[in-house]
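Per-entry structural report
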Amino acid sequence: MIVYAEVEFMIQTAHSLKEKRAVLQRMLIRTKQKFNVSIAEIDHQNVWQRTKLALVAVSSSKEAAEREINHALHYLQSNPEWEQLNVWRDYL
């Protein structure tokens, strides 16, 4: 089972692309290290206060893949440097 999620964040503390990328890189690396998911920025690369991330988890069961995505999303939402705008999920 494959679970795919897109999540969009507003980074209020970023005042340049350099500051945005510092926050983003730190969270992408930590998420990859802590959870069994793939994660990448898929939109708003040149906008300094916004980002859209894609997360994918693959498992033999829907529940296990969904659990990994949920844990990763919860971790991303816990970052005080940004605010979640929306989340979209799909199951393949």
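It should be noted that the structure appears before, not after, this text.
Below you will find a few notes about this structure. Starting from 1, residues in each chain are numbered consecutively following that chain's sequence as written. In keeping with the predicted nature of the model, local features appear solely for residues at pLDDT of at least 70, side-chain atom pairs appear and are counted solely at 80 or more, and the whole-chain, interface and lining totals rest on all residues. Processing note: side-chain calculations cover all non-hydrogen atoms of the structure and skip hydrogens and water entirely.

**Comments concerning the sheet that holds strand E1 (residues 2–10)**
Rules: Pairing between strands requires that DSSP locate at least two bridges from one strand to the other. Only DSSP runs of H or I reaching four residues or more are called helices, and only runs of E reaching two or more are called strands; each is numbered from the N terminus. Each axis is a line fitted through C-alpha atoms, and for a helix only the stretch in contact is used; angles between axes span 0 to 180 degrees, taken between their N-to-C directions.
On the basis of which strands lie adjacent, the open sheet formed by 4 strands has the order E2-E3-E1-E4 and antiparallel pairing. Edge positions in the sheet fall to strand E2 (38–43) and strand E4 (83–91), since each of these pairs with one other strand and no more. Taken pair by pair, the neighbouring strands of this sheet meet at an average axis angle of 20°, ignoring direction. Both E2 and strand E3 (residues 50–58) contribute to a ladder of 5 bridges, which runs antiparallel. Along E3, the bridge assignment pairs Ala40 with Ala54.

**Regarding the pattern of salt bridges**
Applied cut-off: Any Lys or Arg side-chain nitrogen located within 4 Å of an Asp or Glu carboxyl oxygen qualifies as a salt bridge. Throughout, exposure labels follow a simple rule: accessible area from a 1.4 Å probe, protein chains only, divided by the maximum for the residue type, with under 20% read as buried, over 50% as exposed, and the rest as partly exposed.
Within the structure shown, the criterion is met by 4 salt bridges. Measuring nitrogen to oxygen at the nearest pair gives 2.4 Å for the salt bridge that ties Arg50 to Glu8. Residue Arg50 is found in strand E3, and its partner Glu8 is found in strand E1; the two are separated by 42 residues along the sequence. Judged by relative accessible area, Glu8 falls into the buried class, the value being 5%.

**Regarding the packing of aromatic side chains**
Cut-off, in case you're wondering: Only centres within 6.5 Å qualify two rings of Phe, Tyr or Trp (six-membered ring in Trp) as a pair; their planes then separate them into stacked at under 30 degrees, edge-to-face at over 60, and tilted for everything else.
All chains considered together, the criterion is met by 3 aromatic pairs. Ring centres of Phe9 and Trp82 lie 4.2 Å apart, and the angle between their planes is 10°; this geometry places the pair in the stacked category. You can see Phe9 sitting in strand E1 and its partner Trp82 sitting in the loop between helix H2 (62–77) and E4, a full 73 residues away along the chain. Take Phe9 and Trp82: they sit in the same class, and that class is buried.

**Concerning a nonpolar patch on the surface**
As a reminder of what qualifies: Within this analysis, patches are made of residues with over 30% relative accessible area and no salt bridge. Like charges are joined at 9 Å or less; nonpolar side chains (Val, Leu, Ile, Met, Phe, Trp, Tyr) at 5 Å or less. Under the convention used here, a 1.4 Å probe and the Shrake-Rupley method define accessible areas, while residue burial counts only the protein chains that appear.
Together, Ile2, Val58 and Leu92 make up an exposed nonpolar region whose accessible area comes to about 280 Å². Within the secondary structure layout, Ile2 lies in strand E1.

**Brief notes about the packing of helix H1 (residues 17–34) against H2**
Stated formally: Here is the rule for handedness: rotate from the far helix to the near one, and if that takes an anticlockwise turn smaller than a right angle the crossing is left-handed, while a clockwise turn gives right-handed. Every residue pair with non-hydrogen atoms within 4.5 Å of one another is taken to be in contact.
Direction vectors running N to C along H1 and H2 enclose 150°, while the axes themselves pass 10 Å from each other. Crossing of H1 against H2: the hand is right-handed. Taken together, the residues of H2 that come into contact with H1 (itself represented by Met27, Arg30, Thr31 and Lys34) are Ala72, Tyr75 and Leu76.

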